[in-house]
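# Per-entry structural report
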Amino acid sequence: MTNVVVIGCQWGDEGKGKLVDYLSGKADVIVRFQGGNNAGHTIVIDEKVFKLSLLPSGIIREGKISVIGNGVVLDPWALRTEIDTLSELGINVTRSNLIVAENVPLILSFHKTLDLLREKKAGSKKIGTTGRGIGPAYEDKVGRRAIRLSDLDRPRYLHSRLERCLEHHNILRNGYGEPIIEVEDIEKELADISPFIKQFSAPVWEVLDEKNREGKNILFEGAQGSFLDVDFGTYPFVTSSNTLAGAASLGTGVSARKIDFVLGVVKAYTTRVGEGPFPTELKHDQIGLHLETVGHEKGTVTGRNRRCGWFDAALVKQSCIVNGVEGIAITKLDVLDGLKELKICTGYEMNGKLRPYLPSSINSSEIVKPVYEKIEGWTEPTRGINSLKELPRKALAYLKRIEELVGCPISFVSTSPEREDLVDLNDPFKKNEK
Ligand code: IMP
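What this report covers is the structure whose coordinates are included nearby. (Residues numbered from 1 in each chain as written. Predicted model: local features only at pLDDT ≥ 70, side-chain atom pairs only at ≥ 80, totals over all residues. Heavy atoms only, no water.)

## Re the overall build of the protein chain
A count of helical and extended segments in the protein chain gives twelve helices and 18 strands. Taking 434 residues into account, the globule formula puts the C-alpha radius of gyration at 22 Å, and the protein chain, at 22 Å, falls close to it. Across its three principal axes, the protein chain shows a C-alpha extent of roughly 65 × 55 × 40 Å. Buried residues in the protein chain amount to 55% of all 434 residues. Of the accessible surface of the protein chain, which amounts to about 18,800 Å², a share of 50% is contributed by carbon and sulfur atoms. Between the averaged position of the 58 positive side-chain charges in the protein chain and that of its 59 negative side-chain charges there is a distance of 3 Å. (Helix = DSSP H or I, 4+ residues; strand = E, 2+ residues; numbered from the N terminus. Rg over C-alpha atoms; globule rule 2.2 N^0.38 Å. Buried < 20%, exposed > 50% of the residue type's maximum accessible area, 1.4 Å probe, protein only. Areas by Shrake-Rupley, 256 points an atom, 1.4 Å probe, with all protein chains shown as cover. Lys, Arg positive; Asp, Glu negative; His and termini not counted. Charge placed at Lys NZ, Arg CZ, Asp CG, Glu CD.)

Now the structure itself:
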């Protein structure tokens, strides 16, 4: 039995989907533990592109069990659409390969409305959310007024829960000039989706405990990235869940003591979607444009262009510490092919002082100047290489320097979106094989 957590060490979109897909070959169960359909995981197999948002990436593989844990906020309509799209691509999702935590909070139509209304109202001060209702759904969870999957089994209880929840939302809607919602409206919406979603409901904590006792391998698939974490991210420009590895335990009911390995995924450079601080951002200069076009840096969920910049070792080092990362996977190395000179950020200069980490709050008027180390680029192509020996000498030097600066060994290097194009140096499942 080995339990491995995969998380992103930057601002999301690090290429976790490919690593999870690769590792799910050896896992029996693949689990999402936080976030919702704000995530976007792209997996390419034989040039066939699978875009997943809510389902664990393991769903693509036959014979695996995919799990959506209680730490997720679940939009059942989005799940149905995703399952229908996969079915068109020849992948069938049924109760035999998907279970959903009975205590998962649901994203309902008014959560999305509120998310969009708030962003619109905030104007230039907006967060740049995905507009999927994630924030409002998590607010209802901690506000103790969320509707959870198991509530759908008890109509009278559901009615009283909806009354409680809508009492809150109608006050807000009134303030925004939106029409009031009646409990019956939401009951009608839920009646349409209930039979579909209820078939997947299960006590996930118990199922995972059983799997562990049977000696099965479990892979926990993080969404977003460490600097979008609601506690450790660039607050308030963050998502509303804890994205760090520790959330794998609370978001599923598997004890933290049972986690064997944390793999941190990083891009060979940095990207970010939405608003918020990004010290190494290249704006729209030639290199920024190179990263954006060669790296196809467009958001999977919203289609927005991702902001691009140099690799930030100070940021990733902090992420490795707070997540307990034991190995990093570097993705998209090939995107740097042909760049003459590369830069790695090793810290920041703020108000004349050097800082090794980003401060927990940055005023928009404060200037955070990255401190760079220059490194020679390489001209030879790395795309498709799957052994360290074949990598250009200068690319190896770049990787080595990253390893030194972030203080964590490299477990994988990815050189293209394809499943096979991966240098495997330390597979955590293999390492822990008994
Ligand atoms: P929300 O999660 O939709 O509330 O959005 C909050 C912030 O997190 C925004 O800046 C989004 O762009 C960002 N975000 C949410 N999910 C992802 C993701 O999967 N990848 C990258 N950024 C994300």
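And the narrative resumes.
## A word on unusual backbone geometry
At the junction of Tyr235 and Pro236, the peptide bond is cis and its omega measures out at 5 degrees in the coordinates. For Arg144, which is not glycine, the phi dihedral falls at a positive 60 degrees. With respect to the element layout, Arg144 can be found in the loop between helix H4 (134–142) and helix H5 (155–176). Phi is positive for Gln224, which is not a glycine, with a value near 60 degrees. As for its position among the elements, Gln224 is in the loop between strand S8 (218–221) and helix H8 (247–250). Looking at Gln224, the relative accessible area reads 9%, which means it is buried.

## Side note on the state of the cysteines
Applying the stated criterion to the full structure yields zero disulfides. Cysteine Cys320 is unpaired, with the sulfur of Cys408 as its nearest cysteine sulfur at 4.4 Å. The class for Cys320 is buried, based on a relative accessible area of 6%. With a relative accessible area of 5%, Cys408 lands in the buried category. (Disulfide = S-S within 2.5 Å.)

## Side note on the pairing of strand S17 (residues 410–414)
The element S17 is extensively covered by neighbouring structure, given that five of its five residues are classed as buried. Pairing analysis gives three bridges linking strand S13 (residues 327–331) to S17, with the strands arranged parallel. Bridged to Ala329 within S17 is Phe412. In this structure, S17 lies alongside strand S18 (residues 422–424), joined through three bridges in antiparallel fashion. Each bridged residue has a counterpart across the sheet, and for Phe412 the counterpart in S18 is Asp424. (Pairing = 2+ DSSP bridges.)

## Looking at the pairing of strand S14 (residues 341–350)
Relative to S14, strand S12 (residues 311–312) runs parallel, the two sharing two bridges. Looking at S14, one finds that Asp312 is bridged to Cys345. Of the strand pairs in this sheet, S14 and strand S16 (residues 368–376) are connected by nine bridges, and their pairing is antiparallel. Note that in S16 the partner of Leu342 across the bridge is Ile375. When S14 meets strand S15 (residues 353–355), the two strands line up antiparallel, connected through three bridges. Across the sheet, the residue bridging to Glu349 is Leu354, located in S15. Once S14 ends, the chain turns through two residues before running back antiparallel as S15, passing Asn351 with a positive phi of about 50 degrees.

## Topic: the packing of aromatic side chains
Evaluated as defined, the whole model comprises five aromatic pairs. Residues Tyr22 and Phe412 carry aromatic rings whose centres are separated by 5.7 Å and whose planes lie at 75 degrees to one another, so their mutual orientation is edge-to-face. Note that Tyr22 is positioned in helix H1 (residues 16–23) and Phe412 in strand S17, a separation of 390 residues in sequence. Judged by relative accessible area, Tyr22 falls into the partly exposed class, the value being 23%. In this structure Phe412 comes out as buried when scored by relative accessible area, which is 0%. (Phe/Tyr/Trp six-rings, centres within 6.5 Å; stacked < 30°, edge-to-face > 60°.)

## Considerations on the site of the ligand
Residues in contact with the ligand amount to 16 residues; listed here are only the nearest, Asp13, Asn38, Thr130, Thr239 and Arg304. Contact between the ligand and Gly128: an oxygen atom at 3.3 Å from a main-chain N or O atom of the residue. Interatomic distance of 2.6 Å between a side-chain N/O atom of Thr239 and an oxygen atom of the ligand. Relative to its unbound accessible area of 470 Å², the ligand is 96% covered by the protein chains. Partitioning the shell around the ligand into residue classes produces six nonpolar, eight polar and two charged. (Near = heavy atom within 4 Å. Polar contact = N/O pair within 3.5 Å; in protein donor to acceptor, adjacent residues only side chain to side chain. Nonpolar A, V, L, I, M, F, W, Y, C, P; charged D, E, K, R; others polar.)

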